[in-house]
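Coordinates in review
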Amino acid sequence: MEDCLFCKIIKGEIPSTKVYEDDMVYAFNDIEPQAPYHIVIVPKIHISSANELTEENSKYVARIFEVVPKIAKELGFAENGYRVINNCGEDGGQTVKHLHFHLTGGRQFLWPAG
Ligand code: AMP
Ligand code: ZN
């Protein structure tokens, strides 16, 4: 996807602070962090949102959730806990149309608000 911000980040055409990378997944620090730790985790193929997930491509989501505890342990906030968020579509507040999960930690999040 030529015009996709996260595809450009994956290709290195736009700079990012890499936190983790493997054959399927790329993770980097969010440019506008909402918590002391705020990492964006993306599949290395363009999937525009959770609405596009299928039996064929859901392995990327499985890999992302394998990577979540690795990153949280590596950065030292696993034990205290964290929140993983996916925003889908307009009502979900999705601004970048490339599937991504926000991994946020280092502070307490309130539920349902906050
Ligand atoms: P969402 O609103 O769920 O689509 O999340 C998009 C996220 O991407 C936001 O939290 C932005 O702060 C973040 N973001 C946008 N541009 C960049 C960038 N160049 N580098 C890192 N994070 C970015
Ligand atoms: Zn993309």
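Look above for the structure.
From a predicted model like this one, the values you see are computed outputs, not experimental measurements.

**Quick word on the site of ligand 1**
- The full set close to ligand 1 counts 15 residues, and Asp30, Asn87, Thr95, His100 and His102 are the nearest of them.
- Asp30 places a polar side-chain atom, nitrogen or oxygen, 2.5 Å from an oxygen atom of ligand 1.
- A distance of 2.8 Å separates an oxygen atom of ligand 1 from a polar side-chain atom of Asn87.
- Put simply, the parts of the chain that give the shell around ligand 1 at least two residues each are α1 (5-11) and β2 (25-29).
- A per-element tally of the shell around ligand 1 places α1 first, with three residues.
- Broken down by class, the residue content of the shell around ligand 1 amounts to six nonpolar, seven polar and two charged.

**A look at the coordination of the zinc ion (ligand 2)**
- Distances from the zinc ion (ligand 2) to its protein donors, Cys4 (SG), Cys7 (SG), His46 (ND1) and His98 (ND1), fall within 2.0 to 2.3 Å.
- Around the zinc ion (ligand 2), the four donor atoms sit at angles spanning 106 to 116 degrees, and that spread fits a shape best called tetrahedral.
- One chain supplies every donor to the zinc ion (ligand 2), and in sequence these donors are spaced C-x2-C-x38-H-x51-H. In this pair, Cys7 sits in helix α1 while His46 sits in the loop between β3 (37-43) and α2 (59-75), placing the two residues 39 residues apart along the sequence.
- With a relative accessible area of 11%, Cys7 lands in the buried category.
- Residue class for His46 comes out partly exposed when judged on its relative accessible area of 27%.

**Thoughts on the environment of Lys8**
- With respect to the secondary-structure elements, Lys8 resides in helix α1.
- With a relative accessible area of 23%, Lys8 lands in the partly exposed category.
- Distance in space between the C-alpha atoms of Lys8 and Asn86 is 20 Å, their sequence separation being 78 residues.
- Non-local contacts of Lys8, meaning those with residues more than four positions away in its chain, are made with Glu2, Asp3, Glu13 and Ile14.

**Let's talk about the pattern of salt bridges**
- Evaluation of the coordinates by the stated rule reveals six salt bridges.
- A salt bridge links Asp23 to Arg63; the nearest nitrogen and oxygen atoms lie 2.8 Å apart. Placement of the pair is Asp23 in the loop between β1 (18-21) and β2 and Arg63 in helix α2, with a sequence separation of 40 residues.
- Accessibility expressed as a relative area gives 59% for Asp23, which makes it exposed.
- Note that Glu66 and Arg63 form a salt bridge whose closest N and O atoms lie 3.8 Å from each other. Taken together, the residues Glu66 and Arg63, both in helix α2 and three residues apart, mark about one turn of the helix.
- Here Glu66 falls in the partly exposed class, since its relative accessible area comes to 46%.
- By sharing partners, the salt bridges in this structure join Asp22, Asp23, Arg63 and Glu66 into a single network.

Procedures and definitions
- Residues numbered from 1 in each chain as written.
- Chains lettered and ligands numbered in written order.
- Predicted model: local features only at pLDDT ≥ 70, side-chain atom pairs only at ≥ 80, totals over all residues.
- Heavy atoms only, no water.
- Near = heavy atom within 4 Å.
- Polar contact = N/O pair within 3.5 Å; in protein donor to acceptor, adjacent residues only side chain to side chain.
- Helix = DSSP H or I, 4+ residues; strand = E, 2+ residues; numbered from the N terminus.
- Nonpolar A, V, L, I, M, F, W, Y, C, P; charged D, E, K, R; others polar.
- Donors = N, O, S within 2.8 Å, 3.2 Å for Na, K, Ca; no water.
- Tetrahedral: all angles 85-135°; square planar, octahedral: opposite > 155°, others 65-115°.
- Buried < 20%, exposed > 50% of the residue type's maximum accessible area, 1.4 Å probe, protein only.
- Contact = heavy atoms within 4.5 Å.
- Salt bridge = Lys/Arg side-chain N within 4 Å of Asp/Glu carboxyl O.

Nothing here speaks to function; it is geometry throughout.
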